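# An overview of the molecular structure
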Amino acid sequence: MSHRDAANALYTALKVEVEQRGAHKNTELVLDNDTRQHILDIAEWLVRADFPPSLLLYGKVGNGKTSMARALMRLIEYVTECESYSRRIQARFVTAKDVCELCAVSERFKEQYDDYRRIFNERMLVIDELGSEPSEVIIYGQPKSPVTDLISHRYDRQLLTIITTNLKKDELKSHYGLRVYDRLKEMVQPVVYSNSSYR
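## A look at the overall build of the protein chain
For the protein chain, the count of helices and strands is 7 helices and 7 strands. If you list the helices and strands of the protein chain from N to C, you get α-α-β-α-β-α-α-β-β-β-α-β-α-β. What you see for the protein chain is a C-alpha radius of gyration of 17 Å, in line with the 16 Å of a compact globule of 199 residues. C-alpha atoms of the protein chain, sized along the principal axes, occupy 50 × 40 × 40 Å. In the protein chain, the proportion of contacts linking residues at least 24 apart, taken out of those at least 6 apart, comes to 77%. Charged side chains of the protein chain number 29 positive and 29 negative; the gap between the two group centres comes to 1 Å.

## So, unusual backbone geometry
A negative phi holds for most residues other than glycine; trans holds for most peptide bonds. Despite not being glycine, glutamate 129 has its phi angle at roughly 60°, a positive value. Its place among the elements puts glutamate 129 in strand β3 (residues 124-130). One non-glycine residue, glutamine 158, lies in positive phi territory at about 55°. Counting through the fold element by element, glutamine 158 comes out in the loop between α6 (146-157) and β6 (160-165). In this structure glutamine 158 comes out as partly exposed when scored by relative accessible area, which is 38%.

Reading guide: rules and limits
- Residues numbered from 1 in each chain as written.
- Predicted model: local features only at pLDDT ≥ 70, side-chain atom pairs only at ≥ 80, totals over all residues.
- Heavy atoms only, no water.
- Helix = DSSP H or I, 4+ residues; strand = E, 2+ residues; numbered from the N terminus.
- Rg over C-alpha atoms; globule rule 2.2 N^0.38 Å.
- Contact = heavy atoms within 4.5 Å.
- Lys, Arg positive; Asp, Glu negative; His and termini not counted.
- Charge placed at Lys NZ, Arg CZ, Asp CG, Glu CD.
- Buried < 20%, exposed > 50% of the residue type's maximum accessible area, 1.4 Å probe, protein only.

Structure, rendered in structure tokens:
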């Protein structure tokens with residue numbers, strides 16, 4: 001796929017995502033310069049084999065990171081299904097808080113444990129709102145760091161991960177520590193969202 005085709009496909013996916021999420025308010029995609037640049041940057045990540053396997057959308061609140069992550073997830077699912085139904089990539093969307101909640105209940109219920117472990121190896125995973133979760137979960141008196149463990153696991157296996165966060169780079173470093181921040185730097189292509197909120 002060319003960069004132009006990828007950008008057009010991503011624009012269409014984002015337009016549909018925004019309209020579906022705001023259907024009750026007749027919301028339409030605002031194609032301003034910032035959104036156009038985000039589409040171009042992410043389309044380049046999609047088509048460049050020499051870019052990292054994952055993507056980090058970070059910046060202020062309300063400026064389209066989650067909508068873009070959902071649109072990108074749907075686009076990748078669609079394209080891989082068109083290429084070969086048996087090899088299609090199905091994505092999983094979770095918030096960072098969801099990961100912690102699944103970890104907390106996984107010790108008591110086998111079904112939740114299986115679900116929690118499954119997120120570690122999803123072929124494509126979207127982690128929304130990184131940094132909004134507690135840094136530790138206490139299970140039977142033992143501290144666990146589920147999001148840190150998840151990022152490290154996916155880094156080790158170079159699995160496709162799309163992450164959104166409102167934290168700045170220095171805040172990511174202080175929240176997760178130098179080791180995880182260093183891994184994030186290597187595994188993701190960053191896209192900065194500095195535009196104002198659309199809400």
